[in-house]
Amino acid sequence: MHKCMRIFSLIESQKWFTFDGRQRLCHPLPSVRVGHMWVQIMFKTSGGRRPKKKTYYRVNELDRVMELQKKPSLILRLKSIIQSQKNQCLLLRDLEKEVGFVQKWNFMGIIEKYPSIFRVTGGNRTPPMVMLAEKADKVALEESEARAQMEPILVKTLRKLLMLSVDCMLPLETIQLIENELGLPSDFEQSLVPKYPQFFSVKDVNGRTFLQLENWDSSLAVTAREERLVHEGVLTSKVQARILKDGNYVGPFAFQLRYPAGFRPNVNYLKEVQKWQKMEFPSPYLNARRFELADPKAQKRVVAVLHEFLSLTMEKRIIRILVDKTKSWFSYSS
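Structure report, in brief. (Residues numbered from 1 in each chain as written. Predicted model: local features only at pLDDT ≥ 70, side-chain atom pairs only at ≥ 80, totals over all residues. Heavy atoms only, no water.)

Points about the overall build of the protein
At step 1: Scanning the protein for helices and strands turns up twelve helices and eleven strands.
At step 2: Taking all contacts inside the protein whose residues are at least 6 apart in sequence as the whole, residues at least 24 apart take part in 57%.
At step 3: Just so you have it, the protein exposes about 21,900 Å², and 54% of that area is on carbon and sulfur atoms. (Helix = DSSP H or I, 4+ residues; strand = E, 2+ residues; numbered from the N terminus. Contact = heavy atoms within 4.5 Å. Areas by Shrake-Rupley, 256 points an atom, 1.4 Å probe, with all protein chains shown as cover.)

Focus: the sheet that holds strand E5 (residues 89–91)
At step 1: Spatially, the three strands line up as an open sheet ordered E5-E7-E6, and their pairing is antiparallel. The open sheet has two free edges, formed respectively by E5 and strand E6 (118–123), since each of these has just one partner strand. Neighbouring strand axes in the sheet, compared pairwise and without regard to direction, differ in orientation by 25° on average.
At step 2: Summarising the sheet, E5 and strand E7 (residues 126–132) pair through three bridges and their orientation is antiparallel. By the bridge assignment for E7, Leu-91 is matched with Met-129. (Pairing = 2+ DSSP bridges. Axes fitted to C-alpha atoms, helices over the stretch in contact; angles between N-to-C directions.)

Digging into unusual backbone geometry
In terms of backbone geometry, most residues other than glycine have negative phi values and most peptide bonds are trans.
At step 1: One non-glycine residue, Gln-88, adopts positive backbone phi at about 60°.
At step 2: Locating Gln-88 in the fold gives a position in the loop between helix H2 (60–84) and E5.
At step 3: Even without being glycine, Lys-316 reaches a positive phi, approximately 60°.
At step 4: Within the secondary structure, Lys-316 sits in the loop between helix H11 (296–311) and helix H12 (320–330).

Some details on the packing of aromatic side chains
At step 1: What the rule picks out here adds up to eight aromatic pairs.
At step 2: Centroid distance Tyr-196 to Phe-199: 6.1 Å. Interplanar angle 15°. Geometry classified as stacked. The same class applies to Tyr-196 and to Phe-199, which are both buried.
At step 3: Between Phe-199 and Phe-200 the ring centres are 6.2 Å apart and the planes differ by 75°, which places this aromatic pair in the edge-to-face class. (Phe/Tyr/Trp six-rings, centres within 6.5 Å; stacked < 30°, edge-to-face > 60°. Buried < 20%, exposed > 50% of the residue type's maximum accessible area, 1.4 Å probe, protein only.)

Side note on the side chain of Arg-159
At step 1: Along the chain, the position of Arg-159 falls in helix H5 (residues 134–164).
At step 2: A relative accessible area of 11% means that Arg-159 is categorised as buried.
At step 3: Contacts of Arg-159, omitting those with residues within four sequence positions, involve Phe-199, Phe-200, Leu-213, Asp-217 and Leu-220.

Remarks on the sheet that holds strand E10 (residues 208–213)
At step 1: Spatial strand order, E8-E10-E9: three strands in an open sheet with antiparallel pairing. The strands lining the two open edges of the sheet, one partner per strand, are strand E8 (169–171) and strand E9 (200–205). Each neighbouring strand pair of the sheet contributes to a mean axis angle of 30°, computed without reference to strand direction.
At step 2: For E8 and E10, the ladder comprises three bridges, and the chain directions are antiparallel. Its bridge partner lying in E10, Pro-171 is registered against Phe-210.
At step 3: H12 rests against E8 and E10 of the sheet, and its axis sits at about 145° to E8.

Looking at H5
At step 1: Helix length check: H5 (31 residues) gives 42 Å between terminal C-alpha atoms against 45 Å at 1.5 Å per residue, within 8%.
At step 2: At Met-150, H5 shows its largest kink, close to 55°, and the proline Pro-152 lies no more than four residues downstream. (Expected span 1.5 Å × (residues − 1). Bend = angle between axes of the 7 residues up to and from the residue.)

Some remarks on the nonpolar core
Soluble globular proteins tend to bury their nonpolar side chains together.
At step 1: Counting 33 residues, the largest nonpolar core has Leu-161, Leu-184, Phe-200, Leu-211 and Phe-309 as its most contacted members.
At step 2: Broken down by secondary-structure element, the contributors of at least two residues to this core are H5, helix H6 (172–177), E10, H11 and H12.
At step 3: Sorting elements by how many residues they give to this core places H5 first, with seven residues.
At step 4: When residues of this core are sorted by domain, at least three fall in each of domain 2 (149–215) and domain 3 (217–328).
At step 5: Once residues lying within four places of it in the same chain are set aside, the contact partners of Phe-200 are Val-155, Leu-158, Arg-159, Leu-162, Val-193, Leu-211, Gln-212 and Glu-214. (Core = buried A, V, L, I, M, F, W, Y, C linked by side-chain atoms within 4.5 Å. Domains from an automatic or database assignment.)

Dropping the structure here:
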């Protein structure tokens, strides 16, 4: 009788859904916090069966943030286009050549909506053109000064990025994809890299141009996560940390977890989570070729690599398509 009651309680604790006319159990997965991003993790089921498909949940707050970010990106792009012109102004009829026919109308809307940033002149006998307003021009000059002061930080970020890669080298085209997220100037390969030949070199490998790290610096091979734990005293504390009911654990190898709304993990599930939280893993800065992907420690290291990669970005986040395009170079594809 007690055994039947335990089975009934276990069934009641799960969520049922209907698929192809059949009822199936749904097991929500926990998420690992990586910067401002939640990554789903999955534990192995019993041997012989295929792993269940991962379930992804939309985060409405992040969707709104990314939607709000679209307008500033258009403004910054138009500013760069105007500054690249010889006379610091752009003929409106030439806007289509720069951004294409479809995007042209988005930029026209930006110009009309923000007269304090963009000023339109001309008419009658002179063709209309757009330029930066006086206040926006002053801010642009301050931006160039700020970039000069940030140069040591950008050099350090680029060095750590190359150290994080599999062979301490990355294609220039890959770095160009994420240059805005890293805070690098659009012409970093001409304006930044040649200044530091002791750190960087450009090489051609099989017809592709690569940026390679010249010298390894062990003092840089410390993750942002480790620096935070040292600051919080977690690594130096001798007090045994308490594991919370949701599986979160303040330890040297733990990540912050969050479950879908309404999900209550059972005891066995939490035991697996706690085991994963306490599991040691190699440093993200060690070469990934040294580890077998089937090793659970190497699989947990993948989370640490992605965490460190996001910590190098300006806003500690990046869109998923860029993660997919860079995963082969940072070895978080497992």
